[in-house]
Amino acid sequence: FAIHKAFLLSKYANDLLLYKRSIDDMKGIWIGSSQQYEQFQIDTDNYGDLRWDFGPLTRSIDFLDLTISIGPSYNIITRTYQKPINLYQYIPPHSAHSQERI
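Quick notes on the rules
- Residues numbered from 1 in each chain as written.
- Predicted model: local features only at pLDDT ≥ 70, side-chain atom pairs only at ≥ 80, totals over all residues.
- Heavy atoms only, no water.
- 1 Å grid on protein atoms, 1.4 Å probe; cavity = no way out; pocket = protein on both sides within 12 Å on 5 of 7 lines; lining within 4 Å.
- Points joined across faces, edges and corners; volume = space filled by probe spheres on them.
- Helix = DSSP H or I, 4+ residues; strand = E, 2+ residues; numbered from the N terminus.
- Nonpolar A, V, L, I, M, F, W, Y, C, P; charged D, E, K, R; others polar.
- Pairing = 2+ DSSP bridges.
- Axes fitted to C-alpha atoms, helices over the stretch in contact; angles between N-to-C directions.
- Phe/Tyr/Trp six-rings, centres within 6.5 Å; stacked < 30°, edge-to-face > 60°.
- Buried < 20%, exposed > 50% of the residue type's maximum accessible area, 1.4 Å probe, protein only.
- Polar contact = N/O pair within 3.5 Å; in protein donor to acceptor, adjacent residues only side chain to side chain.
- Contact = heavy atoms within 4.5 Å.

> Before we move on, can you summarise the layout of surface pockets with the specific residues and values?
One way to see where empty space is left: roll a probe the size of a water molecule over the atoms. Taken as a whole, the largest pocket holds about 1000 Å³ of empty space. Along the walls of the largest pocket sit 31 residues, with Lys 27, Gly 28, Ile 29, Trp 30 and Ile 61 positioned nearest its centre. Mapped by element, the contributors of at least two residues to the lining of the largest pocket are strand S1 (16–21), strand S2 (26–30), helix H2 (34–45), strand S3 (60–63) and strand S4 (66–70). Of the residues that constitute the lining of the largest pocket, the class distribution is 20 nonpolar, five polar and six charged.

> Would you mind going over the sheet that holds S3 in detail, with residue names and values included?
The strand order across the open sheet built from three strands is S3-S4-S5, with neighbouring strands paired in antiparallel fashion. Where the open sheet ends on each side, the last strands, each with one partner, are S3 and strand S5 (76–80). Strand-to-strand twist in this sheet, taken as the mean axis angle between neighbours without regard to direction, amounts to 20°. Examined bridge by bridge, S4 and S5 share five bridges and lie antiparallel to one another. Within the sheet, the bridge partner assigned to Ser 69 lies in S5 and is Ile 77.

> Provide a residue-level description of the packing of aromatic side chains, including the pertinent values.
Enumeration over the complete set of coordinates arrives at six aromatic pairs. Judged by centre distance (5.8 Å) and plane angle (50°), the rings of Tyr 12 and Trp 30 are tilted. One end of the pair, Tyr 12, is in the loop between helix H1 (2–11) and S1; the other, Trp 30, is in strand S2, with 18 residues separating them in the sequence. We classify Trp 30 as buried; its relative accessible area is 15%. When the ring of Tyr 12 is compared with that of Phe 40, the centres are 5.2 Å apart and the planes differ by 85°; the resulting orientation is edge-to-face. Of this pair, Tyr 12 sits in the loop between H1 and S1 while Phe 40 sits in helix H2; the two residues are 28 residues apart in sequence, bridging distant segments of the chain. Judged by relative accessible area, Phe 40 falls into the buried class, the value being 4%. Through successive ring pairs, a cluster of aromatic residues spans Tyr 12, Trp 30, Tyr 37, Phe 40 and Phe 54.

> How would you sum up the side chain of Thr 67? Please name residues and give values.
Structurally, Thr 67 is set in strand S4. Within the local environment of Thr 67, its side chain forms a polar contact with the side chain of Asp 62, the two groups lying 2.7 Å apart. Ignoring sequence-local partners within four residues, the contact set of Thr 67 consists of Ser 60, Ile 61, Asp 62, Ile 77, Thr 78, Arg 79 and Tyr 81.

> Hey, could you go over unusual backbone geometry for me, with residue numbers and the actual values?
Residue Leu 64 is not a glycine yet carries a positive backbone phi of 55°. Positive phi, close to 65°, is recorded for Tyr 74, a residue that is not glycine. In this structure, Tyr 74 sits in the loop between S4 and S5. Taking relative accessible area as the criterion, Tyr 74 reaches 66% and is therefore assigned exposed.

As C-alpha cells, then:
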C-alpha cells in the first residue's frame, strides 16, 4: 500500500490538508470538493485487496479519547470523548477507599 499511498498523496496534495494512517485506520482533513472526495475513495479502494470504509465529510470526529472539531473560523477545537459503552471501571478520587487503594 505504500506505493499506492505515495500516488494518492501526490494526486490529492491540494485536497488533503492532513493525512494520518495507522495500521488499519486513516484520518485526514479534506479541503477539496465532495466530488473529489468520492474519487479519492474510489482511488483508495482501487488497489490490491484492501477495502476502506469511508465516513461522510464532517466538521467533527471522535478519535481515540478526543472529539476534534473545526470551528466556524476554521480553528481546531478539542474536547475529551468517552465511548457510550464506557463502564467507568476505575475508583474515583472522592470514593470511600483508602488513599493507598486509589
